[in-house]
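The chain contents come next:
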Amino acid sequence: MRRTIIAGNWKMNKDHIEGAALAREIAAGLARTPPSCDVVLIPPFTSLPAVTEAIRGSIAKAGAQDISAEDEGAFTGEISGRMLRALGCAYVLVGHSERRHIVGEGAELLARKLRAALRSGLAPVYCVGELLGERESGAAGEVVSRQIREGCEGLAPEEFSRVVVAYEPVWAIGTGRTATPKDASDMHGSIRRLIGTLFGAAAAAETPLLYGGSVKPESAPGLLADPEIDGLLVGGASLASDSFLAIVPR
Ligand code: 13P
């Protein structure tokens, strides 16, 4: 049985005071969340200490939005996996489309970040997804398989067992345009088949596959009802406790 994961990616929103207040409201609303569901708050780095403190004693977990590919040393501005673990982070995003397409992070760097996350004991949430033009030209499946191979190929099956994959079609992020449950489910099915080819049947059966892209309280139940969709990576709707809590199963 795969766990359900509902993760809120706050992106570059909320300072640490606003973040602590939001995290406290969310934590207080999770009393009836089933134990099979992981709720993950992913604030900016500067809010992580306040958010981890605010969710202490609740079922919520913390995640980071990025990680250095390096473990320690002269890498100005970078944050290591060990530092994130020391703050109590359990998850870290790797390869979010905003880092791929706005910051310009490439496949080789992302593969190293994914390995840095595994080395430090974090569960990487490896994000993949096609651009609008790639979907329209019929290349979505190919783009997503390439991204999975670039990031994960070569991992030992026991390493891959800690990876979570998030499918976020870039055309659906922040646009109000959600993929239909069928589009998401079809892509998740192909991702799962590829995971089976690369890492075996157990990995294919056990890897949680999240969908992200304009998820709202109205669209969440339809997406979560699909057996191929194990959870959601929520952007805009995770910035207010009422809309985020309305997405979390209870
Ligand atoms: P939105 O939910 O705002 O479209 O963002 C999705 C996303 O990028 C989550 O990582």
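In this report, the structure presented in the accompanying data block is examined. Not measured: the values here are computed from a predicted model. (Residues numbered from 1 in each chain as written. Predicted model: local features only at pLDDT ≥ 70, side-chain atom pairs only at ≥ 80, totals over all residues. Heavy atoms only, no water.)

**A few points about the overall build of the chain**
Step number 1: The secondary structure content of the chain amounts to 12 helices and 8 strands.
Step number 2: Since a compact globule built from 250 residues should have a radius of gyration of about 18 Å, the 17 Å found for the chain is in line with a globular shape.
Step number 3: Based on the C-alpha atoms only, the size of the chain along its principal axes is roughly 45 × 45 × 35 Å.
Step number 4: For the chain, buried positions account for 51% of its 250 residues.
Step number 5: Looking at the chain alone, contacts between residues at least 24 apart form 71% of all its contacts between residues at least 6 apart.
Step number 6: Surface exposure of the chain reaches about 10,900 Å², of which carbon and sulfur atoms provide 55%. (Helix = DSSP H or I, 4+ residues; strand = E, 2+ residues; numbered from the N terminus. Rg over C-alpha atoms; globule rule 2.2 N^0.38 Å. Buried < 20%, exposed > 50% of the residue type's maximum accessible area, 1.4 Å probe, protein only. Contact = heavy atoms within 4.5 Å. Areas by Shrake-Rupley, 256 points an atom, 1.4 Å probe, with all protein chains shown as cover.)

**What to know about the sheet that holds strand S7 (residues 209-212)**
Step number 1: Sheet architecture is closed into a barrel: 8 strands sit in the order S1-S2-S3-S4-S5-S6-S7-S8, paired in parallel fashion. Across the sheet, the mean angle separating the axes of adjacent strands is 25 degrees when strand polarity is ignored.
Step number 2: Strand direction decides the pairing type here: S7 and strand S8 (residues 231-234), joined by 3 bridges, are parallel. Across the sheet, leucine 210 pairs through a bridge with glycine 231, a residue of S8. (Pairing = 2+ DSSP bridges. Axes fitted to C-alpha atoms, helices over the stretch in contact; angles between N-to-C directions.)

**Notes on the site of the ligand**
Step number 1: Taken together, 13 residues lie near the ligand, and Lys11, His96, Gly174, Ser214 and Gly236 sit nearest.
Step number 2: In this structure, an oxygen atom belonging to the ligand sits 2.8 Å away from a side-chain N or O atom of lysine 11.
Step number 3: Within the contact set of the ligand, an oxygen atom lies 2.6 Å away from a backbone nitrogen or oxygen of glycine 174.
Step number 4: For the ligand, whose accessible area on its own is 310 Å², the fraction buried by protein is 96%.
Step number 5: Residue classes in the shell around the ligand are distributed as 4 nonpolar, 7 polar and 2 charged. (Near = heavy atom within 4 Å. Polar contact = N/O pair within 3.5 Å; in protein donor to acceptor, adjacent residues only side chain to side chain. Nonpolar A, V, L, I, M, F, W, Y, C, P; charged D, E, K, R; others polar.)

**Quick look at the nonpolar core**
Step number 1: Grouped together as the largest cluster of nonpolar side chains are 63 residues, with contacts concentrated most on Leu41, Ile191, Ile195, Tyr211 and Leu232.
Step number 2: Per element, the largest residue contribution to this core is 6 residues, and it comes from helix H9 (residues 181-199).
Step number 3: Aside from chain neighbours lying at most four places away, what touches isoleucine 195 is Phe160, Val165, Gly200, Ala203, Ala204, Thr207 and Leu209.
Step number 4: With 13 residues, the next largest nonpolar core counts Val40, Leu93, Cys127 and Val164 among its residues. (Core = buried A, V, L, I, M, F, W, Y, C linked by side-chain atoms within 4.5 Å.)

**What about the environment of glutamine 65?**
Step number 1: Mapped onto the elements, glutamine 65 comes out in the loop between strand S3 (61-64) and helix H3 (81-86).
Step number 2: Here the alpha-carbon distance between glutamine 65 and glycine 95, two residues 30 residues apart in the chain, equals 9.4 Å.
Step number 3: Apart from residues no more than four positions distant in its own chain, glutamine 65 is found in contact with Asn9, Trp10, Lys11, Ile42, Pro43, Pro44, Leu93 and Arg99.
Step number 4: From its side chain, glutamine 65 meets the backbone oxygen of lysine 11 in a polar contact 2.9 Å long.

**Some thoughts on the side chain of aspartate 66**
Step number 1: With respect to the element layout, aspartate 66 can be found in the loop between S3 and H3.
Step number 2: On the accessibility criterion, aspartate 66 (11% relative accessible area) is buried.
Step number 3: Among the polar contacts listed, one links the side chain of aspartate 66 to the side chain of arginine 99, at a separation of 3.3 Å.
Step number 4: Polar side-chain contacts of aspartate 66 include one of 2.7 Å to the side chain of lysine 113.
Step number 5: Residues in contact with aspartate 66, not counting those within four places in the same chain, are Phe45, Leu84, Val92, Leu93, Arg99, Glu105 and Lys113.

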